[in-house]
Protein chains: 2
Amino acid sequence: MIVSALATSVGINLGLTVLLCALYSVLRKQRGNLEVYAPRLVADGRARQPSQFNIENLLPSTGWVRRAWDPSEDDLLGASGLDGVVFMRIFIFSLRVFSVAAVVGIFILLPVNYLGISCATLTSPISRTNRWICSPFQMLWFHFSAAYLITAIVCYLLYSEYKYLSSKRIAHFIASKPLPHHFAILVRGIPLRDGSSIGDTVESFFMEYHPSTYLCHTVVHQTSKLRRLITDSENLYRRLTHLKSSPRTPENHRNGGILGLFAKKKDLLGRYEKKLEDLEENVRVEQSDISVTKEEIPAAFVCFKSRYGAATALKIQQSDNPIEWVTEEAPEPNDVYWPFFSTSFMQRWISKLVVFVASIFLIIVFLLVAAFVQGLTYLEQLETWLPFLKDILKITVVSQIITGYLPSLILHVLSSYVPPIMKLFSTMQGYIATSQIEKSACDKMLWFVIWSIFFANVLTGSATSLLQIILDPKEIPVRLAVVVPAQASFFIAYVVTSWTSLSSELTRTMALICNLIGKHCSCKSDEDDEFQIPSISYHSEIPRILLFGLLGLTYFILAPLILPFILVFFCIGYIIYRNQLFNVYSPKYDTGGRFWPIVHNTTIFSLILMHLVAIGIFGLKKLPLASSLVLPLPVLTLLFNEYCRKRFLPIFEAYSAETLIKKDRADQNDPTMGEFFDKLVTAYRDPIWMPIRHSPYSNEHNSPLLHSS
Amino acid sequence: MIVSALATSVGINLGLTVLLCALYSVLRKQRGNLEVYAPRLVADGRARQPSQFNIENLLPSTGWVRRAWDPSEDDLLGASGLDGVVFMRIFIFSLRVFSVAAVVGIFILLPVNYLGISCATLTSPISRTNRWICSPFQMLWFHFSAAYLITAIVCYLLYSEYKYLSSKRIAHFIASKPLPHHFAILVRGIPLRDGSSIGDTVESFFMEYHPSTYLCHTVVHQTSKLRRLITDSENLYRRLTHLKSSPRTPENHRNGGILGLFAKKKDLLGRYEKKLEDLEENVRVEQSDISVTKEEIPAAFVCFKSRYGAATALKIQQSDNPIEWVTEEAPEPNDVYWPFFSTSFMQRWISKLVVFVASIFLIIVFLLVAAFVQGLTYLEQLETWLPFLKDILKITVVSQIITGYLPSLILHVLSSYVPPIMKLFSTMQGYIATSQIEKSACDKMLWFVIWSIFFANVLTGSATSLLQIILDPKEIPVRLAVVVPAQASFFIAYVVTSWTSLSSELTRTMALICNLIGKHCSCKSDEDDEFQIPSISYHSEIPRILLFGLLGLTYFILAPLILPFILVFFCIGYIIYRNQLFNVYSPKYDTGGRFWPIVHNTTIFSLILMHLVAIGIFGLKKLPLASSLVLPLPVLTLLFNEYCRKRFLPIFEAYSAETLIKKDRADQNDPTMGEFFDKLVTAYRDPIWMPIRHSPYSNEHNSPLLHSS
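Now for a description of the structure that goes with this document. (Residues numbered from 1 in each chain as written. Chains lettered and ligands numbered in written order. Predicted model: local features only at pLDDT ≥ 70, side-chain atom pairs only at ≥ 80, totals over all residues. Heavy atoms only, no water.)

1. A word on the overall build of chain A
Right, so step 1: Of the regular secondary structure elements, chain A holds 34 helices and 4 strands.
Right, so step 2: Within chain A, the fraction of its 709 residues that count as buried is 51%.
Right, so step 3: Here the analysis covers contacts within chain A between residues at least 6 apart in sequence; of these, 86% occur between residues at least 24 apart.
Right, so step 4: Put simply, chain A shows about 33400 Å² of open surface, and 64% of that area lies on carbon and sulfur atoms. (Helix = DSSP H or I, 4+ residues; strand = E, 2+ residues; numbered from the N terminus. Buried < 20%, exposed > 50% of the residue type's maximum accessible area, 1.4 Å probe, protein only. Contact = heavy atoms within 4.5 Å. Areas by Shrake-Rupley, 256 points an atom, 1.4 Å probe, with all protein chains shown as cover.)

2. Things to note about the environment of Leu109(B)
Residues and elements named next belong to chain B.
Right, so step 1: Relative to the helices and strands, Leu109 is located in helix 5 (residues 73-121).
Right, so step 2: The exposure class of Leu109 is buried, given its relative accessible area of 0%.
Right, so step 3: If sequence neighbours within four positions are ignored, Leu109 has contacts with Val104, Phe142, His143, Ala146, Phe556, Ile557 and Pro560.

3. Quick notes on the nonpolar core
Right, so step 1: Grouped together as the largest cluster of nonpolar side chains are 132 residues, with contacts concentrated most on Phe87(B), Phe454(B), Leu551(B), Tyr555(B) and Phe556(B).
Right, so step 2: Sort the elements by how many residues they give to this core and helix 5 of chain B lands first, with 19 residues.
Right, so step 3: Not counting chain neighbours up to four residues away, the residues in contact with Phe454(B) comprise Val449(B), Phe491(B), Leu547(B), Leu550(B), Leu551(B), Thr554(B), Tyr555(B) and Leu609(B).
Right, so step 4: Counting residues in hydrophobic clusters, the runner-up holds 131 residues, among them Cys21(A), Leu140(A), Leu558(A) and Leu609(A). (Core = buried A, V, L, I, M, F, W, Y, C linked by side-chain atoms within 4.5 Å.)

4. What to know about unusual backbone geometry
Right, so step 1: In this model, Trp325(A) sits at a positive phi of 50 degrees, which is unusual for a non-glycine residue.
Right, so step 2: Structurally, Trp325(A) can be placed in the loop between helix 14 (307-315) and strand 4 (326-329).

5. Side note on the pairing of strand 2 (residues 214-221) of chain B
All names here are of chain B.
Right, so step 1: Extensive coverage of strand 2 is indicated by the burial of 7 of its 8 residues.
Right, so step 2: For strand 2 and strand 3 (residues 296-304), the ladder comprises 6 bridges, and the chain directions are antiparallel. The residue bridging Tyr214 from the neighbouring strand is Phe304, located in strand 3. (Pairing = 2+ DSSP bridges.)

6. A short note on the packing of aromatic side chains
Right, so step 1: Counting across every chain of the model gives 76 aromatic pairs over all chains.
Right, so step 2: On the numbers, 5.8 Å between centres and 45 degrees between planes, the contact of Phe491(A) with Tyr555(A) is tilted. Remark: Tyr555(A) occurs in helix 26 (residues 538-558) and Phe491(A) occurs in helix 24 (residues 488-507); sequence separation between them is 64 residues. There is no split in this pair, since Phe491(A) and Tyr555(A) are both buried.
Right, so step 3: Between Phe183(B) and Phe677(B), the ring centres sit 5.7 Å apart and the planes meet at 90 degrees, which makes this aromatic pair edge-to-face. On the criterion of sequence distance, the pair formed by Phe183(B) in helix 9 (residues 180-183) and Phe677(B) in helix 33 (residues 673-683) is long-range, its members being 494 residues apart. Judged on exposure class, the residue Phe183(B) and its partner Phe677(B) are both buried. (Phe/Tyr/Trp six-rings, centres within 6.5 Å; stacked < 30°, edge-to-face > 60°.)

Rendered as structure tokens:
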């Protein structure tokens, strides 16, 4: 790719970004779009619908930027929980790192690189006069110092972020009101004893060994059949609503309608209503039936009278047989992923293996796709593949768009399909909570992003060279030093393209289209349909953001030109995501900031990768002294990581006795605790047991439907 | 090495073994040797000193074999604790494995190998007639089936041993009387608060957060100065005793004695006594001084009122800062390694790194030595190195001894110096208990044994080929298949030599010599000196025994001839170690069988190594189908290991709530518990604080000495 192609790409994307932001500021002010652009405000009743037509509403404005910028971190904590704060801290951390990196890169490394290149092309007499500046060997010491400097800065910032978020996490816990999952644990592998039910076994076990703290338990039931029935009735209900809605807009059908067709529809309607009635009856029978015959699963949520009691039961192995009475942290009641409990142990075991293989397979498939896309940057190759395009490709603009813009666009679009697949994989792995599923999907996505986007492009998609690198570990730094710089221009283009995809997050095109269709077509659910606030999918966003950190650090020494573009990315991202967190997304669960360790580890990985590249570069440039002097850097970084693991990670895994006991004591004087414990007894009931008219699996509209039928 | 050399080696070692056993049976019956051969019986007062001279006492007998064979496992448990039982289970397990392996190896694999070789040398007409038997490709299927068979058997036996020892461990705990370390934990990283001592901080922290279970604490003190003083006084005391003992045997000195020398000696005696008195005064001052000025270390043993209370405090992170109030299992009071507490954090951190490097260095040095020793098996090489030996080496017996016996003897002798070094390394690493030090030394020894003895000899000491193997992981199986069989004869000789070293364990040559010198030379400590019962060093014995398991499994397919020799080794070892555990060694500590997971893991490692060799062999013999069909074997073995880790390992790490609470409840009705808790208060006092006359660091004879001075 040539410089002009890069300029084209920057131009297009900057234009698109500004356009999308302007479009957003206009669209947001439009009547009816508030539900798309500020669902949280609508739900809270804080949104003001523009009352009348105003010319100002059609002009782009920047007020939303100020409104996104203004609120404090405490406001963010209140609005999006600690996970939201952690998410925004990624941007703050990255902005700090890359501000320094960009200054060092642009004002020191870039001139040095440039001088180095000019030196190489200069004639010998001149180079002899200013030998010091022009010796490429001497110059590399700038890069060497820069590597040490940036490592020190990143580690310092990592440390202070970890410390800050640790204290935030503890403060958040102390400030929280009593929550069911602090008092509960999940017990699995309950041994079956003849003559007594699971419930009785749990009761007697915990009454025996935790008599002073045990409160109650909720046994989990086998619900796959019931779940199937409810899904069926839900589908049928939806079809029925669709059918029913047609006569309500008579102009649609009277125009082309025949009486026979109308009669047939009525007939169908009756049949469906009958079927639905049967199904719902079945559901009710099944609900009452199971609770009698007790198709229990050897798993139960056990609640305790104190947080410390729950923590004790969680941490100490309960039974002499370590695979019986296995304890696990209980997720929040609305975070529990109920369908999981219906799968058998063998199913989970097999699906774990299948998921492992499938994830690798997905990465490999994507690697091949990426290899093809990378081929697009070489026009000649494209011409060989698709000869009929030869004439079109001769137009400069087209060829520049194709080489500069198209490959990264394709990658962006394709990779947007991966997060749902990875989440599906994680769902199959047998996690008991949505948050755990998303955390696991986040890990998978990270691997995917690093391999399929970074390494795949770095290695230009040749599977053999990848294999060679793995099988010849000694050569890794040198090979990286050869292949990584070769793709610098592609990744600059990739970063630039990402500006647009960030801004499209702002305009929420898909949601907007759905909203428009919903409004103008009555086949969408009823007007009184409950208003759904979307939640942010951390498992797709966090890896995407971390990739840019990885790119920035890896290319810091090799191609400092990428740094300002990355800095711009994080600036745009900071504003846009703050805006979205305050206006659009509401938190679905609260992990208490458990995504941060993932961010920390990935940054450490990026640093090590940078060191490897530096070692390789110095080795290639015949500067073995510098190459060996960089060696302590990865070792020190890993030692630092080890210290952080000891110092901070336990805080993100469990709360300390100190905190738990303090909190428990504070509760003792709280008069509302009795009420809370009463609620705790039913907190972990599978919502599928609720009467169908209140079940989230079939909308609330079942009951009016049944009444009317 | 030729077959006759092997025969020589077997002959020599069998002879030596029988000789040593006979010698033992005779020596044991001698008056005065009882303290060497049955110190435990002497200590228990169960030993009968042979009253008068009897010709029978000079004849070898086999009565000791029966006496070692007879006792049940419960007797062993009583005599040597669970660690002794685990140690003997290694022999039982190995005997079972290698009985089956030897039968399969000798009666199936060996004939098949032999036929295979004869086939290769047979002429074609004959081989055509019995093609099935003679096709070497077909024959390998025997080896293939044998690999599956032996893996299944080993895994089954590993599972049942783990299960058996797990239940033994729990039963042992339940049957135990109240022990201080079940009620105590060690707390480190106690934060220093201005104005209050460590003791007060600990007291207030545990009174605050564990008011119902906290009992008492013992702060650890900085004792390096005191320890130095006591060592000095001890040394001085020893020199003094030595001087004093001279006049007691006047015939020694009167013969060559001059009056002036005598006077000088008296003068010296007086000076030494004065100095000793000063030193002891210093010790007393120091002892009282520190307890006033409180040179406390931020570590304390905290005792609880119940085992469950201690376990709870141990398992739950106490403070919000995970590097403060770090809890650790408390070792038995007499197992605590007190000097450790005097080292600073930085010292420990540095010594950890130093130990790591030093261990690797030791292994490499030994690798080089082993390479030289291996060279001895090739006479020509020896002749080149030491040309003056040429004539001697021409004598058949000499050359056979050198090639068949000398190399493994040198290895045996040299490797006997390694365990103390490894133990020293582990001591420097900062473990707080002798048992932990020995367990860590056991791990180090295993690495050492596997690398320096197995791999070093297998790779014939060429460091480059080792590096090549590591850097080219794909080729590992094939390379192993080439290099492992080449050393089969050496390892057969090594196994055979080990018979002798086993038997020398029986005769305890060093202890016998010391005893003889001590008796006939009064410079040894006084007659009333307390009788010391030795303890077995598991960290040197277990790796040595496991090496033979590794050899047996690795050579099972390649050279089944080794199996009967290994079987004999385990038979001899079983009887000898039983004898020693009952008569000689008394347990120094009780880890509750925690050495077994090491045995389990090493056996799994041996299995995987066997699979790799099998894959390589089948690959070499152009049988890719068999080679790929072996592939599931290591995977299945690792899955089995994973299951065992889940199912059994936690039992060896901690006791379950169930067991702890049951045991606590049983104690509630025990009237002696009050007394036990009283003792618990002082159980974890550093013995260095005891008045010097009772301190183990200076013998009990200080006080009479001081009285006499």
